[in-house]
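Examining the three-dimensional arrangement
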Amino acid sequence: MKQIFLATAIAVAAAAAMLSAQAPSSGAQLAPPDVAAPPADAVKTASGLSSRVITPGTGSEQPAPTDVVTVHYAGWTVEGALVDSSRSRGAPSMFPLNRSLVGWRECVQLMKVGETRRCWLPENLAYQGQAGRARGMIVFDIELLDTRPAPAIAPPDVAGPPDDAKRTATGLAYKVLKPGTGTRTPAQWNRVTVHYTGWTTDGKMFDSSVARGKPATLGLDDVISGWREGMQLMVEGERTRFWIPQALAYKGEAGSPRGMLVFDVDLIRIE
């Protein structure tokens, strides 16, 4: 049976790891020259957070408090000691914003996708004197790569495709949420790496790689027919919402979600 989407609990391992490991990462990164204190051009909020834009964003989208964000970051003490770094680990981090440090949560909500910002978090917005954690002010350079709604929050149009959705001859409906950066589309024999979330039309999430914090790699010959058709319409970097009728989904199979299913899919790369 070609069924790859199984019900899963929302347990984001990446959220637990994010910002909790305090041992300095290998491949130390040099601290910024202004790590000791915010410069005069930093903007300070009522909470005591200071921040400064290093690189402007490329769009207008900003994270909501409950969003799942994808970031690259590095953090230092005011003495210049590296606290943690996704870049040292060689991969960006994805986690629910509301699981992060209070100062992180505030700072990232000021950002736009594509932006890099330096954030000075006083201790009460950082680790708050917790045993085994870095003390005092912590300075983070954060690059916001992506933001998306939490997978447990169903899209507002989950009940059915809106008027501006496109439809194929098979009954598949789809709408591009974020244009891609690539030019080629997958063939039906390709393997692809994706992030996805699936909901029933009553808004219940039944599977999500986003909730697991790790993309999935799969073959298009192993997925439901609506996925196989839809993925061949996408290019790398694209995010698309699909409304897949039951005949193109699990066809009423026992133990599988029934009826029309809605998937948000990011095509990360064609393998």
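In the block above lies the structure referred to throughout.
Every value quoted in this text rests on a predicted model; they were computed, and no experiment measured them. (Residues numbered from 1 in each chain as written. Predicted model: local features only at pLDDT ≥ 70, side-chain atom pairs only at ≥ 80, totals over all residues. Heavy atoms only, no water.)

1. Some remarks on the side chain of Asp141
Looking at the element boundaries, Asp141 is found in strand β7 (residues 138-148). Engagement of the side chain of Asp141 in a polar contact is seen with the side chain of Arg118, the distance being 2.6 Å. Once residues within four sequence positions are removed from consideration, Asp141 is found in contact with Pro32, His72, Tyr73, Ala74, Trp76, Arg117 and Arg118. (Helix = DSSP H or I, 4+ residues; strand = E, 2+ residues; numbered from the N terminus. Polar contact = N/O pair within 3.5 Å; in protein donor to acceptor, adjacent residues only side chain to side chain. Contact = heavy atoms within 4.5 Å.)

2. Brief notes about the pairing of strand β4 (residues 82-85)
Note that strand β3 (residues 68-77) and β4 share 3 bridges and pair antiparallel. Bridge pairing in β4 places Trp76 opposite Leu82. The turn joining β3 and β4, which pair antiparallel and follow one another in sequence, is formed by 4 residues; a positive phi near 95° is taken by Gly80. (Pairing = 2+ DSSP bridges.)

3. So, unusual backbone geometry
One non-glycine residue, Gln128, lies in positive phi territory at about 55°. Relative to the helices and strands, Gln128 resides in the loop between β6 (116-121) and β7. Positive phi values are uncommon outside glycine, yet Lys251 reaches one of about 55°. Summarising the element assignment, Lys251 is placed in the loop between β13 (239-244) and β14 (261-270).

4. With respect to the side chain of Arg148
One can find Arg148 in strand β7. Of note is the side chain of Arg148, whose polar atom sits 2.9 Å from the side chain of Asp266.

5. Some words on the pattern of salt bridges
For the coordinates displayed, the defined rule picks out 17 salt bridges. Here Lys175 and Asp164 are joined by a salt bridge, their closest N and O atoms 2.9 Å apart. Taken together, the residues Lys175 in strand β9 (residues 173-178) and Asp164 in the loop between β7 and β8 (166-167) connect sequence positions 11 residues apart. A salt bridge links Arg241 to Asp264, with the nearest nitrogen and oxygen atoms 2.6 Å apart. With Arg241 in strand β13 and Asp264 in strand β14, this residue pair connects regions lying 23 residues apart in the sequence. (Salt bridge = Lys/Arg side-chain N within 4 Å of Asp/Glu carboxyl O.)

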